[in-house]
Amino acid sequence: MRNPFYAFLVIILITGLLKQSNAQPYNFSDETHPDFSINPDFINKDGIQFNLLLLDKNKKSLIPAEETRRQYQIIQWLSGLNENSEKAGSYYLLSTKVAFLSPLRTDYYSAERITDPGFIQASMQDYKIEALGANHFKVEGTFFSPSFQFLLKVYNTENQDPEIASILTFLEQHQPNLGRPDKVVVQKNYNYGRVLMHKTTENSMAITLYYPWQNQKTLIVNYTFNLLHNIPPKFLGGPESLQNEMKAGISKIAESHKNTENHRQLTKNNHR
């Protein structure tokens, strides 16, 4: 739910064993469908629009209690972009969509900044990041979260890159009022480690969209798709605890990027 912002949000979203955040929770709007329309009045007041769909290994909906056809269409599209989607019957399927504002302009999120190891590390202070190659990174796990590797690719939509043609077509159908985003970031996460000797995630991916917004801000819209081995058991709060922990993590990220002093810290080695 992050690239400085959102490509790395998924790093927090997909662990399934989030540490509780100390950040004050934002005002969340729990959206019924993943193709929800952006609510400008709500977003402009630091609101966060949020949708989550969780299916069990038999593709029965756990969150929400009863899935709709529209929700399943979204998860089908996301799974089609995931290399291991043919194995989906072996995993819980988790998809999310989140939208909120960054106080920074879209040109702040350059490809160089998004993929800079120093910037990534500054954005993820609770984790150790190691650069393995061009746009290829490793995240060291903690007691509560697994280690994993991820690849980042940043697309400038002015270039009409054929690699993201299907993403842009989908957005035109499901998010027509926003037009075309300035940038699309695709993050693929794999090679997950274990937590307390248990597997948590097989792999996951995130698509992050950057839209120019009013008063030189940026609207961040993020989709994730995750193949999970396990979800929190009932005695730890069940699937609903996963949803609550995600919201806490999203609040912490949104708050960190509202703080002007934090912006300077994140960018002190990335002068333009």
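See the structure printed just above.
Treat the numbers as computed from the prediction; the structure is a model and nothing was measured.

A. Looking closely at the overall build of the protein. The secondary structure content of the protein amounts to eight helices and 12 strands. The burial tally for the protein puts 55% of its 272 residues in the buried class. Carbon together with sulfur atoms contributes 47% to the accessible area of the protein, which is approximately 12,700 Å² in total.

B. Representation of the environment of Q187. The topology assignment puts Q187 in strand 8 (residues 183–190). Between the alpha carbons of Q187 and H136 there is a distance of 9.9 Å; along the sequence they are 51 residues apart. Among the polar contacts listed, one links the side chain of Q187 to the side chain of N189, at a separation of 2.7 Å.

C. Main features of the pattern of salt bridges. Counting across every chain of the model gives five salt bridges. Across the salt bridge formed by R105 and D107, the nearest N and O atoms sit 2.4 Å from each other. Look at R105 and you get partly exposed, because its relative accessible area is 40%. Under the relative-accessibility criterion, D107 is labelled partly exposed at 30%.

D. Quick look at the nonpolar core. I38, L171, V184, L209, L219 and V221 are the most contacted members of the largest nonpolar core, which has 28 residues in total. Elements with a minimum of two residues in this core: strand 2 (47–55), strand 4 (92–102), helix 6 (165–174), strand 8, strand 11 (201–213) and strand 12 (217–228). Setting aside anything within four residues of it in sequence, one finds I38 in contact with I43, Q49, A99, Q175, L178, W213, L219 and V221. Ranked by size, the runner-up nonpolar core spans 18 residues in total, among them F119, Y127, F137 and I220.

E. Broad picture of the packing of aromatic side chains. Evaluated as defined, the whole model comprises seven aromatic pairs. For the ring pair F148 and F150, a centre distance of 6.2 Å and an interplane angle of 45° mean the geometry is tilted. By the burial criterion, F148 is buried, and F150 matches it. Here the aromatic residues F137, F148, F150 and Y192 are joined through ring pairs into a cluster of three or more. Over the ring of F36 we find K97; its NZ or CZ atom is 4.2 Å from the centre of that ring. Positioned above the aromatic ring of Y108, the side-chain terminus of R113 is 4.3 Å from the ring centre.

F. Representation of the pairing of strand 5 (residues 129–133) within the structure. Here strand 5 runs beside strand 6 (residues 136–139); their pairing, made up of four bridges, is antiparallel. The partner of I129 across the bridge, within strand 6, is V139. Here strand 5 hands over to strand 6 after two residues, with N135 in that stretch at a positive phi of 60°.

Definitions and cut-offs
Residue positions are given per chain, counting from 1 as you read along its sequence in written order. Local features are withheld for residues below a pLDDT of 70 in this predicted model, meaning they are given only at 70 or higher, and side-chain atom pairs are given and counted only at 80 or more; totals for whole chains, interfaces and linings count all residues. Note that water and hydrogens are dropped before the side-chain values are worked out from all heavy atoms of the structure. Segments assigned H or I by DSSP are reported as helices when at least four residues long, segments assigned E as strands when at least two residues long, and all are numbered from the N terminus. Categorising residues by exposure relies on relative accessible area from a 1.4 Å probe, with only protein chains included: less than 20% of the type maximum marks a residue as buried, more than 50% marks it as exposed, and the intermediate range marks it as partly exposed. Here the Shrake-Rupley method, with its probe set to 1.4 Å, supplies the accessible areas, and only the displayed protein chains count as covering residues. Throughout this description, a polar contact denotes any pair of N or O atoms lying within 3.5 Å of each other; where both atoms belong to protein, one of them has to be capable of donating a hydrogen while the other can accept it, and for residues adjacent in sequence the pair is counted only when both atoms sit in side chains. For this document, the term salt bridge refers to a Lys or Arg side-chain nitrogen within 4 Å of an Asp or Glu carboxyl oxygen. Nonpolar cores were defined as sets of buried Ala, Val, Leu, Ile, Met, Phe, Trp, Tyr and Cys residues, with membership established by side-chain atoms within 4.5 Å. Throughout, a contact is declared for two residues whenever any of their heavy atoms are within 4.5 Å. Only the six-membered ring of Trp is used, alongside the rings of Phe and Tyr, when aromatic pairs are assigned; centres must lie within 6.5 Å, and planes under 30 degrees apart are stacked while those over 60 apart are edge-to-face, with the rest tilted. Cation placement over rings: the criterion is NZ of Lys or CZ of Arg within 6 Å of the ring centroid and within 35° of the ring normal. Pairs of strands are assigned from DSSP output, requiring at least two bridges between the strands.

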